[in-house]
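Structural description and commentary
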Amino acid sequence: MSELLQQLNPAQRRAVEAADGPVLVLAGPGSGKTRVLTHRVAYLIAERDVDPFNILAVTFTNKAAREMKDRLEALVGASAAQTLSMGTFHSLCARFLRRDIVHLERERDFVIYDSDDQQRLMRRVLRELNIDEKRNQPRAVLARISSAKNELVGPAEYADLKHVGLFESNVAKCYPRYQALLQEANALDFDDLLSETVRLFAQYPEVLAKYHDRFSALLVDEYQDTNRAQYLFIRHLAARQRNLFVVGDDDQSIYLFRGADVRNILQFEQDYPEAQVILLEQNYRSTQSILDSAQAVIHASHKPKHLKRLWTENGGGAQVRLHEGYDQDEEAAFVADEIVRLIAAGELAARDCAVMYRTNAQSRAVEEALIRRTLPYQIIGGTRFYERKEVRDMLAYLRVAHNPYDSVSLMRIINWPGRGIGERTEKDLERWATTLGVPIFQALRELEDPATSSPFAVRTITALLGFLHLLDELIAASKTLPIAELIERIVARVAARETLEREYDLLEAEDRWQNLVELRDVAEGYKNLPQENQLSTFLEEVALVAEVDKLDPNADKVTCITLHQAKGLEYGAVFLIGLEEGLLPHSRSVDDRDQLEEERRLLYVGMTRAQHKLYLCCATKRLNYGRTTVSRPSRFLADIPKALLHTPGRRSKAPAAPQATMFSPRSALGDKQPVVGSRYTRPSAAPPPSATRFAAGQQVRHATFGEGIVVTSRLVDGDEEVTVRFSDRERRLLASFANLELVE
């Protein structure tokens, strides 16, 4: 056996040594797929005498391409590694078009427009077509056009589609003009790189033949994430020799919202009936208990033709821990306290711990819990909660309502949402206020006097006075409304949700809206303060959280990350929070089987990021826009056999409100029968208490929060709700879940 193959396990060797022709490698998480890809390329060069010049390797990210090239340099030398063609779909298409775009009657020196360039161009399109930019935000229009291009739907075909609503009709008007202006500028956007290359291959067989002559071996990474344009790009290149080697995992396809189509990998054997299929099932990342729990989730919905059964030599490891908290704050407190314990015990460092969630808004409670315990953390691929634009905009409205002379906050929101006050007007207003020697708010007040001489046109004065009168209304409301209701008033008056939907595509708008909902729910926690103190206290405490010092990027930090962003990463301990119906699976997905199955795969991806410890967390109650609702554990938790889970402190009875428990046999959409293999049914409910067990003044002990004093106790929904003052703050707990002990 060659030295090259000695580093591989038997399945990896079979993949690397596979004969020519189509090969599908189904690589489970942590199974060494990058090693297989790089060794396959090295094997072709060293053992099959394939000229590196004739090899094409396609990746999804520049990072993956760099990592593969670095590994190949170590295996075959720098010269061979530099000779082969390797890159992302977009970089390779750009390279091909530089040579051959003249066939499409375009110039080779085309420029590539980035997102900022595209938005500027779309603003021009909207102006030319006299379409309201405020109601048709450039970014949202471009998102629709991008989706069309990824499906290879051109302007004419898009116009022929049935469009529901004014926005879609406006997109159909903008698309052809946008493309015409791109061509006029000899420019391509990122989606054009792929769609134009596919069009080139389809319309000019002689061009495609040249690439067939060049590339005798084609390798593709992350095949499950390909969209239609990428799929056809690969099909064209592999059409003659069919020497196609793809690596992917249908269980990790989680980018449907970006156009990825899991059917591309599932139908590989239909496209290539002679394909060899090789499964990589040995996992080098996780313990067996983590793998067994993750596989219980992913195998519950369907039995694919090629069922992967992951195994590892890492040992059984600790059981997966299931934690059911009282609410999102206790859930976050548990996560932070457990991280403190792991670090104190010397088991893991902060950098080895990750908290993962379905939506960005869920990070708020976790961030605050980490801050209270002085645990350094970083938000990966996102922004800290109180630094997110829509949150800062809402806080600016609150600050101005509290103190209208806060000119920084006032100028932040003077044109959000857009009210016809441009940058020039803003600068003129600041200069005029400086000349008058008054704050900007007072300068606005001066405009109410028609006799005032100002640098503004009548139309501009009208817009500025409209803003002033809105502020007057909010200032008055701040004197009488609780802070949560004040936020609701602002949201309604500025049409915040509608504004976000105009400014962003549907998914991002919803994500940003949920951040505002979360902010409102934070404010609800101040309702027991005197009304006159609520706003000032809230703003002060938020400022203290938001102004935590920026941390050194090389410091030891806990990672907070969405599940979509976590793919490809690994951590010693992973905490998955918010595993409840409506969050995971997301409420948008429960009525669509394909989307529901993608939510299942998303949980699987999160679970398989864990190396040593995995925590599955949910809450029995969750605050959502001011209403505390009983949460139902995610249906996916029902698919994990109880024997695989460690559930300390799980409440002994079902909640009073009807709901599925986390061991309910119902899991898949529309299932009316228990899932095959499910061993658990709903626990029987204990009779509700007839009297309270705890009384004010008693000293109690909680496993997580320590000792505290009972403030109040009352019967609520068939349970006993106990308010306890702990050393850090008061908490409301359900007695049936909290397992409080009386301290004699």
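Here the structure is a predicted model, which means the values were calculated and not measured.

Moving on to the pairing of strand β15 (residues 571-576). β15 sits mainly inside the fold: 6 of its 6 residues count as buried. For strand β12 (residues 353-357) and β15, the ladder comprises 4 bridges, and the chain directions are parallel. Across the sheet, Ala354 pairs through a bridge with Val574, a residue of β15. After leaving β15, the chain enters helix α29 (residues 593-607) and then returns to the sheet as strand β16 (residues 610-619), a path that is right-handed.

The subject of this paragraph is helix α25 (residues 496-503). Along α25, the residues classified as buried are Ala496, Thr499, Leu500 and Glu503. The arc enclosing the buried residues of α25, seen along the axis, measures out at 100°, which places them on a common side. For α25, the secondary structure elements touched by its buried residues are α8 (138-150), α19 (389-402), α24 (483-493) and α26 (506-524).

What follows covers the pattern of salt bridges. Using the criterion set out here, one finds 56 salt bridges in the structure. Among the ionic pairs, Lys33 bridges to Asp221, the shortest N-O distance being 2.9 Å. Of the two residues, Lys33 sits in helix α3 (residues 33-46) while Asp221 sits in the loop between β6 (217-220) and α13 (228-238), which places them 188 residues apart along the sequence. Judged by its relative accessible area of 21%, Lys33 falls in the partly exposed class. Since its relative accessible area comes to 5%, Asp221 is described here as buried. Here Asp189 makes a salt bridge to Lys149, at a shortest N to O gap of 2.7 Å. Of this pair, Asp189 sits in strand β5 (residues 187-189) while Lys149 sits in helix α8, and the two are 40 residues apart along the sequence.

Attention now moves to the sheet that holds β6. The sheet built from 6 strands is open, its strands ordered β3-β2-β6-β7-β1-β8 with parallel pairing. Only two strands of the sheet have a single neighbouring strand rather than two, namely β3 (85-88) and β8 (276-280). Averaged over all neighbouring strand pairs, the angle between strand axes comes to 15°, with direction disregarded. Bridging between strand β1 (residues 23-27) and strand β7 (residues 244-248) involves 4 bridges; their strand directions are parallel. Its bridge partner lying in β7, Val23 is registered against Phe245. Of the strands in this sheet, β2 (55-59), β3 and β6 touch helix α6 (residues 89-100), which is tilted by about 120° from β3.

Right, let's get into the confidence of the model for the protein. Overall, the prediction assigns the protein a mean pLDDT of 85, with 90% of residues at 70 or greater. Between residues 546-553, whose pLDDT stays under 50, and residues either more than four places distant or in other chains, the model counts 9 contacts. Note on residues 650-687: pLDDT under 50 across the span, and 79 contacts to partners over four residues away in sequence or across chains.

Rules used throughout
Going along each chain's sequence as written, the residues are numbered from 1 onward. The model is predicted, so local features are restricted to residues of pLDDT at least 70 and side-chain atom pairs to those at 80 or more, both for listing and for counting; the totals for chains, interfaces and linings are taken over all residues. Side-chain figures throughout are based on the complete set of non-hydrogen atoms in the structure, without hydrogens or water. Exposed residues in this analysis have more than 50% of their type's maximum accessible area, buried residues have under 20%, and partly exposed residues fall in between, with area computed by a 1.4 Å probe over protein chains only. A helix here means a DSSP run of H or I that spans at least four residues, while a strand means a run of E at least two residues long, and both kinds are numbered starting from the N terminus. Between any two strands, at least two bridges found by DSSP are needed for them to pair. Seen with the strands pointing away from the viewer, any crossover whose path from the first strand over the helix to the second strand runs clockwise is right-handed. It is the directions from the helix axis to the C-beta atoms whose arc is reported. In this description, contact between two residues means that some pair of their heavy atoms is separated by no more than 4.5 Å. Only one rule defines a salt bridge in this text: a Lys or Arg side-chain nitrogen within 4 Å of an Asp or Glu carboxyl oxygen. Between N-to-C directions, angles cover 0 to 180 degrees, with each direction set by a line fitted to C-alpha atoms, over the stretch in contact for helices. Confidence scores here are pLDDT values: one per residue, from the predictor, ranging 0 to 100.

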